Amino acid sequence: MSTMTRDNLYHHEHGGEPERRFGLRREDVLDFSVNISPISPPLPEETIDSCELHRYPSIDGGGVAGFYRDRFGLARECVLPVSGAIEGIYLIPRALGIRRAVILTPSFFDYERACRIAGSRVTCLWLEEKKRFELPCMEILAGRIGESDAIFAANPNNPTGTRFPKEVFLALASRFPDKWFVMDEAFIQYTDDFPLSSLMQDVRAMKNVLVVHSLTKFYALPGLRLGAVIAHPDTVGTLLKHKEPWTVNAVAERVAGELLNCGEYEKEVRTLIATERAKIFRQLKSVPEITVRGYGANFFLAQWNAGSDLDELLEYLIGRGIHVRDCRNFPGLEDNYFRFSIRKPEENDYLLEQLLSFGKRVGAALE
Ligand SMILES: Cc1ncc(COP(=O)(O)O)c(C=O)c1O
């Protein structure tokens, strides 16, 4: 980090890591400085060995930072590895001492919870249904940001699926250098124009922009908890002063390195999502009972507008083994909104078939 060395990041020198401290090979040292059991539990040896579970991982998620360096060209000092984006979301308001936060709403619930736990006063800036959940105009945004310490927004937004031009946030961030811009890009790799759509490369120039990134969505690894906050080195330094050590585990560090060999997978997912997204959009146009809203990421926000309760549709789908996300518990989406992800072609076809058939049935009953 720019102002701290790795040793004093956590203001205390822990044990372990003789190879780092003394330049020795691990196998040449009996490490009596760590107080863990000298024998291993009866787990398969390969489980323990492959990820070196008998050792502490790096204190600061170095393996994950290595992924961000090699995959996205991000300097070590701009990357704060976290145990899933969620850790970053909770760390930021606490570490930055945000007192008044404005949140683009409807959105992911945890921005509000994280801010409230940190003692912030939270207000919503509504994405309006009649404006297709798009960004409010510049003057409204500027007005609300001016009254707050920080704005939280997800791009693409979950669950509305709307995308926001990053240029708007860059313009606002330079107009309000003393306000924090917390941009959750958990789904950004699904956007057609990634990496252009991302603010990742802009954080060095903008001290007040923090990008929260996740490796659990695009790489389908939610069980592992992997992600990073990407920000100016000074901002990363501030966050570090408040962050718990060792939150990124050894398996996550190891897998992060292996993700560097997933270039083909990345192409395949992006092509799959883009193709299926277009197909689903096209086919749903012929279902008048369903209004498609945002679809900028790997999911669709849709509204059931057949004049009956959404429960009817949800029950019909569950009876056919399909579970979609009821979005009525999101403020602003009470009016029969639901979200479904884009899955494999044959699975999407099955969902479409059921939506078309139920739409027709309800449509016919109303005639
Ligand atoms: C918008 C958004 N941000 C962040 C997260 C948390 O991501 P992670 O699994 O990396 O903690 C989620 C999870 O659903 C999400 O929807």
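One numbering rule holds for all chains: residues counted from 1, following each sequence as written. Confidence filtering applies because this is a predicted model: local features only for residues at pLDDT of at least 70, side-chain atom pairs given and counted only at 80 or more, and all residues used for totals across whole chains, interfaces and linings.

### A short note on the nonpolar core
Inference 1: Ranked by size, the top nonpolar core spans 86 residues in total, and within it Val182, Met183, Leu210, Val211 and Ile230 carry the most contacts.
Inference 2: Segmentation into domains, and thus their bounds, comes from an automatic or database assignment. Inspection of this core shows a minimum of three residues originating in each of domain 1 (18-261) and domain 2 (263-366). Linking buried Ala, Val, Leu, Ile, Met, Phe, Trp, Tyr and Cys residues through C-beta atoms within 7 Å yields a set, and such a set is a nonpolar core. With C-beta atoms placed from the backbone, a residue is buried if 20 or more other C-beta atoms are within 10 Å of its own, exposed if 12 or fewer are, and partly exposed between those counts.

### Some details on the domain arrangement of the protein chain
Inference 1: With domains assigned, the protein chain is organised as domain 1 (18-261) and domain 2 (263-366).
Inference 2: A C-alpha centroid distance of 29 Å is found between domain 1 and domain 2.
Inference 3: Throughout, a residue-residue contact means that the two C-beta atoms, derived from backbone geometry, are no farther apart than 7 Å. At the interface, 16 residues of domain 1 touch 19 residues of domain 2.
Inference 4: Here the side of domain 1 that touches domain 2 is built from residues that sort into eight nonpolar, five polar and three charged. Under the scheme applied here, ten amino acids are nonpolar (Ala, Val, Leu, Ile, Met, Phe, Trp, Tyr, Cys and Pro), four are charged (Asp, Glu, Lys and Arg), and all others, including Gly, are polar.

### A word on the sheet that holds strand β9 (residues 299-304)
Hydrogen bonds along the backbone pair up the strands of a sheet, which may run parallel or antiparallel.
Inference 1: If DSSP finds at least two bridges between two strands, the strands pair. Where helices and strands are cited, they refer to DSSP runs of H or I of at least four residues and of E of at least two residues respectively, numbered from the N terminus. In space, the four strands of this open sheet follow the order β8-β9-β11-β10, with antiparallel pairing throughout. The open sheet has two free edges, formed respectively by β8 (290-292) and β10 (325-326), since each of these has just one partner strand.
Inference 2: Inspection of the sheet shows β9 paired to strand β11 (residues 337-341) by five bridges, in the antiparallel sense. Each bridged residue has a counterpart across the sheet, and for Phe299 the counterpart in β11 is Ser341.

### Some remarks on the sheet that holds strand β5 (residues 180-184)
Inference 1: Here we have seven strands laid out as an open sheet, ordered β1-β7-β6-β5-β4-β2-β3, and mixed in their pairing. Since the sheet does not close on itself, it has two edges, and those belong to β1 (79-82) and β3 (121-126), each with one partner. For this sheet, the mean inter-axis angle between neighbouring strands, taken without regard to orientation, is 20°.
Inference 2: Pairing between strand β2 (residues 100-105) and strand β4 (residues 150-154): three bridges, direction parallel. By the bridge assignment, Ala101 is partnered in β4 with Ala150.
Inference 3: Note on geometry: axes are C-alpha line fits, over the in-contact stretch for helices, and angles between N-to-C directions span 0 to 180 degrees. Each of β1 and β7 (227-230) touches helix α3 (residues 62-72); the most contacted strand, β1, lies at about 130° to it.

### Overview of the pairing of β9
Inference 1: Burial within β9 is extensive, with five of its six residues counted as buried.
Inference 2: Bridging between β8 and β9 involves three bridges; their strand directions are antiparallel. The residue bridging Ile290 from the neighbouring strand is Trp304, located in β9.
Inference 3: Adjacent in sequence and paired antiparallel, β8 and β9 are bridged by six residues.

### Details of unusual backbone geometry
Inference 1: Omega for the peptide link from Asn155 to Pro156 comes to -5°, which places this bond in the cis form.
Inference 2: Inspection of the secondary structure puts Pro156 in the loop between β4 and α7 (166-175).
Inference 3: Pro159 follows Asn158 through a cis peptide bond whose omega is 10°.
Inference 4: Residue Ala220 is not a glycine yet carries a positive backbone phi of 55°.
Inference 5: Tracing the backbone shows Ala220 in the loop between β6 (209-214) and β7.
Inference 6: Positive phi outside glycine occurs at Trp246, with the angle close to 60°.
Inference 7: One can find Trp246 in the loop between α8 (233-240) and α9 (250-258).
Inference 8: The partly exposed category is assigned to Trp246, around which 15 C-beta atoms lie within 10 Å.

### Let's talk about the pairing of β3
Inference 1: Sheet analysis places β2 next to β3, joined by six bridges and oriented parallel. What sits directly across from Val102, in β3, is Thr123.
Inference 2: When the strands point away from the viewer, a crossover counts as right-handed if the route from the first strand across the helix to the second turns clockwise. Viewed along the sheet, the connection from β2 through helix α5 (residues 110-117) into β3 turns out right-handed.

### Some remarks on α9
Inference 1: Of the residues making up α9, those classed as buried are Ala252, Glu253 and Ala256. All buried residues of α9 fall inside an arc of 100° around its axis, so they share one side.
Inference 2: Next to the buried residues of α9 lie α3. Throughout, the arc means that of the directions going from the helix axis to the C-beta atoms.

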